[in-house]
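A look at the structure
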Amino acid sequence: MALVMEKYKMPEQDPKVRIHNFDEVALGYTKELAKLEANRCLHCKVAHCRKGCPVDIDIPAFIDKIKQGDFIGAEAKIKESSSLPAICGRVCPQENQCEKYCIRGIKGEPVAIGRLERFVADYCMENTSEVKKADEKFLSTENKLKVAIIGSGPSGLACAGDLAKLGYDVTIFEALHTAGGVLSYGIPEFRLPKEKIVKAEIDNLRKMGVKIEVNSVIGKLFTIDDLLDEYDFKAVFVATGAGLPHFMNIAGENLNGVYSSNEFLTRCNLMKAYRFPEYATPIKVGETVAVVGGGNVAMDSARTALRLGAKHVYIIYRRSEAELPARQEEVEHAKEEGIDFRLLNNPVEILGDDKGCVVGIRCIRMELGESDSTGRRRPVAILNSEFDLPVDTVVIAIGQGPNPLVQSTTPDMQTNKKGNIIADEETCKTSKEGVFAGGDIVTGAATVILAMGAGKKAAKAIDEYLKDKYKK
Ligand code: FAD
Ligand code: SF4
């Protein structure tokens, strides 16, 4: 039988339709498409795909279950290593991970591992009674020691899930009014549906006995020492993420109409500005929007602005297309939707009118010079090449730093120069006894799968620490 060289396409909303709604862009494989795609897997003796997976999912084994039509079994296989397959199947940069190493990618396209992961997770969510049985086998009620988790992003959720399975009494403290971290406030509905996927994963944790205290800012409400000394928590996992926006420090950043991507996306996703006036969250977009940056956050901001009614949206990025840090699929989707990429351009000033509102952005053209310490070619400004673009709104999406509050109220927990918590890569142990940390607060802004992987490592290390300390 001839080998099928390309991935089976996943149905998607038409770009002309989807730019007017916030519904999910990718629609997912049907059972038939999933089986056809699974049949492209060669079940290699040495499965190179696995070395690209940060949490070492047994990829050939789960794909084999799909071939046999055992979708529940496929999800159970994935869940041995990953807690959030419906989320990771949607947002993981598979092209740089498992799929990058898939043998089928040498001649033709790799197996669509991410799409298959998403398919089995969605199938199982829709057939919940069967899944419950699969999840229940993990649950234990042997252990009742209390563990606190600070932050409910993928790292905190994964840690909570694994500790709950081991029988610990787990409480997550979340500063915002909704759990999920970036999954809820950052990544837009059209990439990651909140009700159907994120909330369902969080509800599942609640069913497993995890308590989630929202509107609870640790560092203000309680300190880590309060949790350990006064509230009888025996261990704490800090998973507070990288939510502090970076700015460019150029003239005009304080004008009306300039947003950090955090504020822009939070207003839209968490505060539901896209459903105004049903939700009373205002958001100003105007006719023309410039988004500065080239990562996933920039793509999400640009595509959100388009859906909020902007007529023209620019991405302004100082390097070239090859260096864009965003996922390839997101760049392709943005292009299909008509986002105008202004590459090798860098803003030098945001221009305002006499009322203090944005009217334009001044940029300078760039070229690529020598490679820097990260191996990427450094962007260098071309003298006297400034030009102005008339815009009403500017969204700055050039990166985020660590949320600082927990560190500043825990002086005996070591941090590095950037303010990230220093923790052991394998055990997530910090310099403070009984306190563990992982995800973006340790690594700096990274990926969902790495944050989730750290949460799983921390759960294992916390279990070992508590067993040892309390001789269970
Ligand atoms: P977070 O998800 O940031 O969660 C931290 C949580 O801690 C937050 O809910 C915060 O409110 C809470 N918190 C902070 N301080 C306190 C406190 N003092 N007390 C209580 N709670 C506190 N990654 C991908 O893999 N693929 C993508 O496509 C992708 N797209 C992205 C798009 C956007 C817009 C953004 C912003 C990020 C994206 N990422 C993507 C990165 C990914 O989402 C993060 O790496 C991941 O969410 C980090 O998880 P975390 O659990 O460490 O932190
Ligand atoms: Fe299947 Fe590709 Fe992994 Fe081989 S490398 S087992 S073909 S997914």
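All of the points below concern the structure found in this document. Counting restarts for each chain, with residues numbered from 1 along the sequence as it is written. Written order determines the labels here, with chains lettered from A and ligands numbered from 1. Under the rules for a predicted model, residues below a pLDDT of 70 receive no local features and side-chain atom pairs below 80 are neither given nor counted, while totals for whole chains, interfaces and linings still include all residues. Excluded from the side-chain calculation are hydrogens and water; included are all heavy atoms of the structure.

1. Points about the site of ligand 2
- Here, proximity means that at least one heavy atom of the residue falls within 4 Å of the molecule or strand. The immediate surroundings of ligand 2 are formed by Cys41, Leu42, Cys44, Cys49, Pro60, Cys102, Ile103, Arg104 and Ile113.
- When the residues that make up the shell around ligand 2 are grouped by side-chain class, the tally is 8 nonpolar, no polar and 1 charged. Polar here means any residue outside two lists: the nonpolar Ala, Val, Leu, Ile, Met, Phe, Trp, Tyr, Cys and Pro, and the charged Asp, Glu, Lys and Arg; Gly therefore counts as polar.

2. Brief notes about helix 4 (residues 59-67)
- We call a residue buried when its accessible area falls under 20% of the maximum for its residue type, exposed when it is over 50%, and partly exposed in between, using a 1.4 Å probe and counting protein chains only. Only DSSP runs of H or I covering at least 4 residues are called helices, and only runs of E covering at least 2 are called strands; the numbering of each starts at the N terminus. Listing the buried residues of helix 4 in full gives Ile59, Pro60, Phe62, Ile63 and Ile66. Projected down its long axis, helix 4 carries its buried residues within an arc of 165°, all on one side.
- Looking at the buried residues of helix 4, the elements they touch are helix 2 (31-38), helix 3 (48-51), helix 5 (71-79), helix 7 (98-101) and helix 8 (113-126). Picture the helix axis, draw a direction to every C-beta atom, and the arc is the one those directions span. Pairs of residues are marked as contacts when any of their non-hydrogen atoms sit within 4.5 Å.

3. Remarks on the pattern of salt bridges
- The term salt bridge refers to a pairing of a side-chain nitrogen on Lys or Arg with a carboxyl oxygen on Asp or Glu at a separation within 4 Å. For the coordinates displayed, the defined rule picks out 40 salt bridges.
- In this structure, the salt-bridge partner of Glu330 is Arg191, at a minimum N-O distance of 3.6 Å. Of the two residues, Glu330 is situated in helix 16 (residues 328-336) and Arg191 in the loop between helix 11 (182-185) and helix 12 (194-207); the sequence distance between them amounts to 139 residues. We note that Glu330, like Arg191, is buried.
- Asp203 is the salt-bridge partner of Arg206, the closest N and O atoms lying 3.7 Å from each other.

4. Things to note about the sheet that holds strand 2 (residues 169-173)
- Two strands are said to pair when DSSP picks up at least two bridges between them. The 5 strands lie next to each other as 3-2-1-4-16, forming an open sheet whose pairing is parallel. Two strands lie at the open edges of the sheet, namely strand 3 (211-213) and strand 16 (435-437), each paired on one side alone. Strand-to-strand, the axes of this sheet are offset by a mean angle of 20°, without reference to chain direction.
- To get an axis, fit a line to the C-alpha atoms, keeping to the stretch in contact for a helix; angles then go from 0 to 180 degrees between the N-to-C directions. Sitting on the sheet, helix 10 (residues 154-165) touches strand 1 (146-150), strand 2 and strand 4 (235-238), and the angle it makes with strand 2 is about 165°.
- Along the sheet, helix 19 (residues 448-470) contacts strand 1, strand 4 and strand 16; its crossing angle with strand 4, the most-contacted strand, is approximately 165°.

5. Observations regarding the sheet that holds strand 8 (residues 312-317)
- The 5 strands are arranged 6-14-7-8-9 in an open sheet whose pairing can be described as parallel. Looking at strand neighbours, the two that pair on one side only are strand 6 (258-260) and strand 9 (340-343), the edges of this open sheet. Adjacent strand axes in the sheet meet at a mean angle of 20° when their direction is disregarded.
- Of the pairings in the sheet, the one linking strand 7 (residues 288-292) to strand 14 (residues 393-396) comprises 4 bridges and is parallel in character. Bridge pairing in strand 14 places Val291 opposite Val395.
- On the sheet, helix 15 (residues 296-307) packs against strand 7, strand 8, strand 9 and strand 14 and is oriented at approximately 165° with respect to strand 8.

6. Focus on empty space enclosed by the protein
- Using protein atoms alone on a 1 Å grid, points that fit a 1.4 Å probe yet trap it form a cavity, whereas open point sets bounded by protein on both sides within 12 Å along at least five of seven lines form a pocket; residues with an atom within 4 Å of a point count as lining. Grid points are joined across faces, edges and corners, and a volume is the space filled by probe spheres set on the points. Taken as a whole and judged by the stated rule, the model has 3 cavities of 30 Å³ or more.
- Counted as a void, the largest cavity has a volume near 150 Å³.
- If you go around the largest cavity, you meet 13 residues; those closest to its centre are Ser83, Gly161, Asn204, Leu205 and Met208.
- Among the secondary structure elements, those contributing two or more residues to the lining of the largest cavity are helix 10 and helix 12.

7. Quick word on the site of ligand 1
- As a structural note, the neighbourhood of ligand 1 is formed by 35 residues, with Val91, Glu174, Arg191, Ile218 and Asp440 the closest of them.
- Contacts described as polar in this section are N or O atom pairs within 3.5 Å, which, within protein, must combine one atom able to donate a hydrogen with one able to accept it, while residues neighboring in sequence count only if both atoms come from side chains. Take Ala175: an N or O atom from its main chain is 3.1 Å from a nitrogen atom of ligand 1.
- One nitrogen or oxygen atom from the main chain of Thr447 is found 3.4 Å from an oxygen atom belonging to ligand 1.
- Within the residue set of the shell around ligand 1, elements represented by two or more residues are helix 10, helix 15 and helix 19.
- No other element matches the 3 residues that helix 15 contributes to the shell around ligand 1.
- Here the shell around ligand 1 is built from residues that sort into 18 nonpolar, 13 polar and 4 charged.

8. Points about the layout of surface pockets
- A volume near 740 Å³ is recorded for the second largest pocket.
- In this structure, the second largest pocket is lined by 29 residues; those nearest its centre are Lys7, Glu12, Arg115, Glu329 and Glu332.
- Of all the secondary-structure elements, those providing two or more residues to the lining of the second largest pocket are helix 6 (85-91), helix 7, helix 8 and helix 16.
- For the lining of the second largest pocket, the leading source of residues is helix 16, giving 6 residues.
- In terms of residue class, the lining of the second largest pocket is made up of 5 nonpolar, 5 polar and 19 charged.

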